Amino acid sequence: MKKLVLILGDQLDIDSPILKNLNPKTEQVVMIESIDEAQYVWSHKAKIVLFLSAMRHFAEQLEERGLPLIYIKQSPQSIGDTLRDLIPKKQFTHLVCLEPGEYRLKCEIENVASEFSIDLEMQEDPHFYCSRHEFENWVAGKKELRLEYFYRLMRKTHNILVDKEGNPEGGQWNFDRDNRKPFPKKGPGLIPPPELFEPDDITQEVIALVEKKFPKHPGSLEHFQWPVTRAQALQALKGFVEHRLVTFGIHEDAMWTDTPFGWHSLLSSSMNLKLLNPREVIAAVLKAWKKDDLDLATLEGFIRQILGWREFVRGMYYLDMPQMALDNFYDHQNALPSWYWTGNAKMKCMQQAIGQTLEYGYAHHIQRLMVTGNFALLAEILPKEVCDWYLAVYVDAIEWVELPNTAGMALFASGGRFTSKPYIASGAYIKRMSNYCGSCQYKPDVRFGEGACPMTTLYWNFLIKHRTQFEASPRTRLMTANLSRISDTDQQAIVLHAKGLLADLSSL
Ligand SMILES: Cc1cc2nc3c(=O)[nH]c(=O)nc-3n(C[C@H](O)[C@H](O)[C@H](O)COP(=O)(O)OP(=O)(O)OC[C@H]3O[C@@H](n4cnc5c(N)ncnc54)[C@H](O)[C@@H]3O)c2cc1C
Ligand code: SF4
């Protein structure tokens, strides 16, 4: 027997079960840098650097531990084809890996194993609380798949913020109402900066490589300071818990010009590369809560994102693939405006959210959901184009988490499969949650005509178009009630104005 142990670029856990007790005589670890993977989506330069640098640092760690490693640098082929070369060359009879985070790669690895008739052992990824099997069991027989009920079950199953009887800490499961406040009128004030890491020699080498090999890819590397090792990821977690967690919840949804990170944790890329385990992140915030007497609303808001949303979207991804990637509930067909790739939009909110995305490979949840995502839905853009953009531009973007958030949540492309309503908002919401509108050439309260805010016009246009759908649900009925306060003449003017915008999205 000769075993090949495949470590993918987002599985960088030195304590991985597939690395335990390896016999160097019969077992070999392989890591593959595939140029094909970097190009299959038009990735942000920072995303490519993060993956390659983290992989190279991890390879060093494996070598330090004396593990038998084949590290393939810059393979011109896909991961599947690289394996197709390697398996017969070294006569491997077994292939071992963890479940990949991407359905496409999972199928590809299964195909390779079956082509060579070798045994494939695809193990559960221990970086999730809920296995695929457990998620399928939870789904069985349910008419509605909603985060809230899944999240409560996770709290009880893992004994997090519940008492002995399984009741929620503080008497309620959800503290959303206490969170989600805008910044004060004068601005966010001094926010302690997140932990940032100067590129070391390995990262600098990768930066030079990416600038040379992928010069036309979007995004800047000027500010590349993401954690690329487990030690750095642990430092980032410590820094967040000590300095930024305290105000995370209350301003979770707030936005402000030139404030790219707010009070957010910036831990998604480390968790998604498996440099950090979500269990240690949750343990760290629970410890801080007890020690520093932190606000329960902040703590619950943070834990919900990881124990709730992160696990829920992963479960939905594997449940609904490959269909999820094809879903297009509203049959939207518009092209993505080219300024999504440059940030050169006239709308200040888009300029800010996209600008910082290209600069850092980062935007926080509300910028992704209620600015760039909201606009893409209201502007009737083809979901595939939007999803490709999200997968390309964020350093934390891996399909299991990107696709359900984009197609399912932001674009309502899967219909009501796992969200109760489309997340849409007019310029009024952005005005309330940010200062973007103050320096914008459009006016958030103007629905049509000169100076009308495109978010606002397209919002009302969307409601007019889908009035029947919105009226049918108690969760959205109020939105159409507001619509009935707008006169027929004004509604006609909104539709006409929207038609002009939709025909020329690139000019906005
Ligand atoms: C359209 C869209 C696309 C997204 N694409 C991605 C993606 O590619 N990769 C990704 O990791 N997240 C994605 N998210 C979720 C979320 O926006 C990011 O996880 C978050 O902004 C990362 O920043 P942070 O680490 O500072 O998060 P924080 O705000 O500090 O939150 C803490 C952690 O909670 C988890 N989390 C929060 N919200 C979600 C969510 N909706 N789904 C899953 N996990 C969540 C993340 O692991 C995050 O690190 C997307 C959201 C939307 C609306
Ligand atoms: S006025 Fe409209 S387009 Fe301008 S920043 Fe506000 S919401 Fe965005």
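Calculation notes
Residues numbered from 1 in each chain as written. Chains lettered and ligands numbered in written order. Predicted model: local features only at pLDDT ≥ 70, side-chain atom pairs only at ≥ 80, totals over all residues. Heavy atoms only, no water. Helix = DSSP H or I, 4+ residues; strand = E, 2+ residues; numbered from the N terminus. Contact = heavy atoms within 4.5 Å. Near = heavy atom within 4 Å. Nonpolar A, V, L, I, M, F, W, Y, C, P; charged D, E, K, R; others polar. Domains from an automatic or database assignment. Buried area = accessible area lost by both parts, 1.4 Å probe. Salt bridge = Lys/Arg side-chain N within 4 Å of Asp/Glu carboxyl O. Buried < 20%, exposed > 50% of the residue type's maximum accessible area, 1.4 Å probe, protein only.

Asker: Quick one: what's the story with the environment of Ile464, residue by residue and with numbers?
Answerer: When you line up the elements, Ile464 lands in helix 17 (residues 454-465). With 319 residues separating them in the primary sequence, Ile464 and Leu145 have C-alpha atoms 27 Å apart. Beyond its immediate sequence surroundings of up to four residues, Ile464 is in contact with Leu483, Gln491, Ile494 and Val495.

Asker: Can you tell me about the site of ligand 2, naming the residues and giving the values?
Answerer: Surveying the vicinity of ligand 2 reveals the residues Met347, Lys348, Cys349, Gly427, Ile430, Tyr436, Cys437, Cys440, Tyr442, Pro444 and Cys453. Taken together, the residues of the shell around ligand 2 break down into nine nonpolar, one polar and one charged.

Asker: Describe in detail the domain arrangement of the chain, supporting the description with residues and values.
Answerer: Here the chain is described as being made up of domain 1 (3-123), domain 2 (132-320) and domain 3 (338-507). Tallying the contact residues gives 13 residues for domain 1 and 15 residues for domain 3. It is His44, Lys47 and Gly101 that lose the most area in domain 1 upon contact with domain 3, and together they represent 45% of the buried surface on that side. For the pair domain 1 and domain 3, the number of links is zero salt bridges.

Asker: Break down the pattern of salt bridges for me, with residues and values.
Answerer: Under the counting rule described, the total for this entry stands at 27 salt bridges. The shortest N-O distance in the salt bridge between Glu108 and Arg84 comes to 3.1 Å. Taken together, the positions of Glu108 in helix 4 (residues 103-115) and Arg84 in helix 3 (residues 79-89) put the pair 24 residues apart, joining distant regions of the chain. Glu108 gets classed as partly exposed once you look at its relative accessible area, which sits at 21%. Two residues, Asp445 and Lys431, come together in a salt bridge whose shortest N-O distance is 3.4 Å. In this pair, Asp445 sits in the loop between helix 16 (427-433) and helix 17 while Lys431 sits in helix 16, placing the two residues 14 residues apart along the sequence. Under the relative-accessibility criterion, Asp445 is labelled exposed at 51%. Put simply, Glu148, Arg152, Arg155, Glu300 and Arg304 are held in one network by salt bridges that share partners.

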